[in-house]
Amino acid sequence: MLKRRKTPAVTAICLVWLILTSVALLTPAQSRHNSSRDESTTAIRKSAYEMMKAFLTQDVATFKRHSAKRTLDLIDLAYEAARQDPVYQQELQKAHITNAAQFLSYFMLGMANQYLQAMPLSPEAAALKVANDSTVSFISDSEARIAVGDSGFARARLVARVWKIDLTDWLKKAVLKEVKDPDLRARIKSL
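Rules and cut-offs
- Residues numbered from 1 in each chain as written.
- Predicted model: local features only at pLDDT ≥ 70, side-chain atom pairs only at ≥ 80, totals over all residues.
- Heavy atoms only, no water.
- Helix = DSSP H or I, 4+ residues; strand = E, 2+ residues; numbered from the N terminus.
- Buried < 20%, exposed > 50% of the residue type's maximum accessible area, 1.4 Å probe, protein only.
- Contact = heavy atoms within 4.5 Å.
- Areas by Shrake-Rupley, 256 points an atom, 1.4 Å probe, with all protein chains shown as cover.
- Core = buried A, V, L, I, M, F, W, Y, C linked by side-chain atoms within 4.5 Å.
- Phe/Tyr/Trp six-rings, centres within 6.5 Å; stacked < 30°, edge-to-face > 60°.
- Salt bridge = Lys/Arg side-chain N within 4 Å of Asp/Glu carboxyl O.
- Arc of directions from axis to C-beta.
- Pairing = 2+ DSSP bridges.
- Axes fitted to C-alpha atoms, helices over the stretch in contact; angles between N-to-C directions.

Explain the overall build of the protein chain here, please?
Helix and strand counts for the protein chain come out as nine helices and four strands. Each helix and strand of the protein chain, placed in order from N terminus to C terminus, yields the pattern α-α-α-α-α-α-α-β-β-β-β-α-α. Here the protein chain, with 191 residues, has 31% of them falling under the buried criterion. Considering only residue pairs separated by 6 or more positions, the protein chain has 52% of its internal contacts joining residues 24 or more positions apart. Put simply, the protein chain shows about 12600 Å² of open surface, and 59% of that area lies on carbon and sulfur atoms.

Structure follows, in structure tokens:
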């Protein structure tokens, strides 16, 4: 029998094929999963940055676009509670607030001013700091916890392939301190 001699090209092709098949066999779904998580982390940080910048610049439309539905529902309930409370009714009238979007803008203005006074940075620099300094921990493929330092302040939820930021749990405690109506309190707690 004739012995076949392998040329360097055939050897190289065999080696490449061997590497590719062994990588395909040895690479678990975990590496694809990690790649997906890395992409998701990047997307979450981008959403957190854009939402934080919108918050600090009182850009209600952008803030709402990046907010989870629960957060927007909480804001609607907070507005409803403020309309019912005589103390807040006067403040709302004085500020000419007649709907939840105006209430959100007014709320954002006060909170943003407090935040920027405590942290003397531009809105863009402050948003970038929050996005970069946050830790994203995945609870599932469609939900992650976002923490800055020791504070778990938000969750990210994947909705229609877009990461939405959910501030509900962080904001709920402060809102509940101000709401007196038992029905509204129950609705807020159920969020």
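Could you clarify how one ought to interpret the nonpolar core in this entry?
Generally speaking, nonpolar side chains in soluble globular proteins are found buried as a group. Core analysis: the largest hydrophobic core is formed by 43 residues, its most contacted members being Phe-63, Phe-103, Ile-165 and Leu-167. Setting aside residues no more than four positions away along its own chain, Leu-167 makes contact with Met-51, Phe-63, Thr-71, Phe-153 and Ala-154.

How should I be thinking about the packing of aromatic side chains in this particular structure?
Each aromatic ring pair is characterised by the separation of its centres together with the angle its planes make. Across all of its chains, the model carries three aromatic pairs by this definition. Ring centres of Tyr-79 and Phe-103 lie 5.5 Å apart, and the angle between their planes is 50°; this geometry places the pair in the tilted category. You can see Tyr-79 sitting in helix H4 (residues 69-84) and its partner Phe-103 sitting in helix H6 (residues 100-118), a full 24 residues away along the chain. For Tyr-79, a relative accessible area of 7% translates into the label buried. Judged by its relative accessible area of 13%, Phe-103 falls in the buried class.

I keep staring at the pattern of salt bridges and nothing clicks. Help me out?
When their charged atoms lie close together, side chains carrying opposite charge are able to pair. One pass over the structure, following the stated rule, counts 13 salt bridges. Shared partners join several salt bridges into a network, and the residues in it are Arg-70, Glu-143, Arg-155, Arg-157, Asp-166, Asp-169 and Lys-172.

Looking at this model, I keep getting lost on helix H7 (residues 123-133). Mind explaining?
Along an α-helix, residues three or four apart share an orientation, since each turn contains 3.6 residues. If you check which residues of H7 are buried, you get Ala-126, Ala-127, Val-130 and Ala-131. The arc that holds every buried residue of H7, seen down its axis, measures 130°, which confines them to one face.

Can you walk me through the sheet that holds strand E4 (residues 162-166) in this structure?
Two orientations exist for strands paired in a sheet by backbone hydrogen bonds: parallel and antiparallel. An order of E1-E2-E3-E4 is seen for the four strands of this open sheet, with the pairing classed as antiparallel. With partners counted over all chains shown, the strands left at the sheet margins are strand E1 (134-140) and E4, one partner each. Each strand of the sheet is rotated relative to its neighbour by a mean of 30°, with strand direction disregarded.

Looking at this structure, how should I read the side chain of Glu-143?
Among the structural elements, Glu-143 can be located in strand E2 (residues 143-148). Not counting residues within four places of it along the chain, the set of residues in contact with Glu-143 comprises Phe-138, Arg-155, Ala-156, Arg-157 and Trp-163.

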